[in-house]
Amino acid sequence: IWVVLDNATGATLKRAFWMYGQYSRDTRKFVGVDLDKPRTDWVQIAEANSVKALRCEDSDELQSCLKTAVAITSPVLISLKTQAFEDYPEGYLED
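Quick look at the structure, then. Because the structure is predicted, anything quoted here is derived from the model rather than measured. (Residues numbered from 1 in each chain as written. Predicted model: local features only at pLDDT ≥ 70, side-chain atom pairs only at ≥ 80, totals over all residues. Heavy atoms only, no water.)

On to the pattern of salt bridges. If you walk through the whole model with that rule in mind, you get 1 salt bridge. One salt bridge in this structure joins Asp 41 and Arg 55, with 3.1 Å as the shortest N-O distance. A residue pair is termed long-range when its members are at least 10 positions apart, and Asp 41 in the loop between helix H2 (22–27) and helix H3 (42–48) and Arg 55 in strand E2 (residues 52–56) qualify at 14 residues. A residue is classified by how much of its surface remains accessible, and Asp 41, at 26% relative accessible area, is partly exposed. Taking relative accessible area as the criterion, Arg 55 reaches 40% and is therefore assigned partly exposed. (Salt bridge = Lys/Arg side-chain N within 4 Å of Asp/Glu carboxyl O. Helix = DSSP H or I, 4+ residues; strand = E, 2+ residues; numbered from the N terminus. Buried < 20%, exposed > 50% of the residue type's maximum accessible area, 1.4 Å probe, protein only.)

This part takes up the state of the cysteines. The tally for this structure, following the rule as stated, stands at 1 disulfide. Two residues, Cys 56 and Cys 65, share a disulfide whose sulfurs are 2.3 Å apart. (Disulfide = S-S within 2.5 Å.)

Looking now at a nonpolar patch on the surface. Taken together, Ile 1, Val 3, Leu 5, Leu 66 and Val 70 make up a surface patch of nonpolar side chains, about 470 Å² in accessible area. Put simply, the parts of the chain that give the nonpolar patch at least two residues each are strand E1 (2–6) and helix H4 (62–71). Turning to its location among the elements, Leu 5 is positioned in strand E1. Given the relative accessible area of 58%, Leu 5 is considered exposed. (Patch = residues over 30% accessible without salt bridge, like charges linked within 9 Å, V, L, I, M, F, W, Y side chains within 5 Å. Areas by Shrake-Rupley, 256 points an atom, 1.4 Å probe, with all protein chains shown as cover.)

Counting residues in hydrophobic clusters, the biggest one holds 7 residues: Leu 54, Cys 56, Cys 65, Ala 69, Val 76, Ile 78 and Leu 80. Mapped onto this core, the elements with two or more residues apiece are E2, H4 and strand E3 (76–81). At 3 residues, the largest contribution of residues to this core is made by E3. Look past the residues within four positions of Cys 65 in its chain and what remains in contact with it is Leu 54, Arg 55, Cys 56 and Ile 78. By size, the runner-up hydrophobic cluster in this structure holds 6 residues, among which are Val 43, Ala 46, Val 51 and Leu 77. (Core = buried A, V, L, I, M, F, W, Y, C linked by side-chain atoms within 4.5 Å. Contact = heavy atoms within 4.5 Å.)

As structure tokens, then:
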């Protein structure tokens, strides 16, 4: 079972680039991490590769998705929609 935390913004990468990448910090540009134009459809990608996939729109659906995934005897991907880049790193909004 693979779980994709789908926030469409690459928030984890943005935070790492901000903390460790001088270019990203200086320019406030994050190259290759915005996955929302068009939004990446992880379920469609999995199914195109013959992998069963489930979509969870929120954490309330997660338990049901996990129960379904455990019952499947082949590889399964769960796409869990999560909150986007909600907390900017310190200094991000400063000029």
